[in-house]
Amino acid sequence: MTNQSAIIPDWNAGLYDDKHAFVFKYGEDLLQWLNPQPGEQILDVGCGTGYLAHLMAEAGAEVWGIDSAASMIEKAEKEYPGIRFSVADITAFSSDVAFDAVFSNAVLHWIQDKEAAVRQIYRVLKPGGRLVLEMGGKGNVKSIVNALRLSLAAYGYQENASAAVWYFPSLGEYTTLLESVGFRIRNAAHFDRETELKDADEGIADWICMFGQQFFDGIPPEQVQVICREVQETLRSTRFRNGKWYADYKRLRVIAVKENQSWN
Ligand code: BEZ
């Protein structure tokens, strides 16, 4: 297993839990799609600080949470000492456990080598096992990303402006990828989720600081602050309502099954 920090930045686990808790709060709804059963072996890919893994364990499942960010795993291990956690990259992950289910919430859009990710997930599942995922879908946070790219370009950071940071596929593209490694798609949806950001003053600027670090490679921190604030102001007329900031999330949700025998 290797660390994937070159692809996904290490996180500020405290800031994540404090201001971006909506990530795992919405994940609770995805848990209903997973419907974890007592005794099931479940792999949580991109478990963050372990909250959802802990809910699966409470339902009686045997959970293994992996995340490429060491700071997240450190916090998860402290909070939930009875659960197995590892710093690991799903694209290079192999396991002595065969899983009944793989679960992933708001992580797969960070992984550029998407083929390797779905191949490894398929490999570690038992025949009959299921993959339950949510990620950013096509058009996700488009207004924020467009405004950020425009601002970076205006300051002369052309390379940063065209950085490929996230992968937000359409439903057709991602389900085709899953089918190409052998999955059967049981359920899939691509839907809008206007997401309220916690900080009423700095909602968009905070979000960019937390998640958009890779756009700012080589840019001095003072300049980053200026750009984040400027992007926020550009978005005020469309993304700020009744005293609250909203991000234009578009979610992709899929349940896919590794059939017992070849089905196609
Ligand atoms: C998302 O969950 O859609 C997301 C989170 C952080 C950065 C980009 C997208």
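What comes next is a walk through the structure. (Residues numbered from 1 in each chain as written. Predicted model: local features only at pLDDT ≥ 70, side-chain atom pairs only at ≥ 80, totals over all residues. Heavy atoms only, no water.)

### Quick word on the packing of helix α6 (residues 142-154) against helix α10 (residues 221-239)
No. 1: Running from amino to carboxyl end, α6 crosses α10 at an angle of 135°, the nearest separation of the two axes being 9 Å. As summarised for this structure, α6 and α10 are arranged oblique, according to the angle between their axes. As for the relative orientation of α6 and α10, their crossing is right-handed in sense. Touching S143, I144, A147, L148, S151 and L152 of α6 are I227, E230, V231, T234, L235 and R239, all from α10. (Axes fitted to C-alpha atoms, helices over the stretch in contact; angles between N-to-C directions. Helix = DSSP H or I, 4+ residues; strand = E, 2+ residues; numbered from the N terminus. Parallel < 35°, antiparallel > 145°, perpendicular 65-115°, else oblique. Left-handed = near helix turned anticlockwise from the far one by under 90°. Contact = heavy atoms within 4.5 Å.)

### A few points about the pattern of salt bridges
No. 1: For the coordinates displayed, the defined rule picks out 14 salt bridges.
No. 2: In this structure, E40 and R130 form a salt bridge, with 2.9 Å as the shortest nitrogen-oxygen distance. With E40 in the loop between α2 (22-34) and β1 (41-45) and R130 in strand β5 (residues 125-136), this pair connects stretches of sequence that are 90 residues apart.
No. 3: Given a relative accessible area of 13%, E40 falls into the buried group.
No. 4: Here R253 ties to E134 by a salt bridge, and the two come within 2.7 Å at their closest N and O atoms. Of this pair, R253 sits in strand β8 (residues 244-257) while E134 sits in strand β5, and the two are 119 residues apart along the sequence. E134 carries the same exposure label as R253, and that label is buried.
No. 5: What you see here is one network of salt bridges that share partners, running through D29, E134, R193, R251 and R253. (Salt bridge = Lys/Arg side-chain N within 4 Å of Asp/Glu carboxyl O. Buried < 20%, exposed > 50% of the residue type's maximum accessible area, 1.4 Å probe, protein only.)

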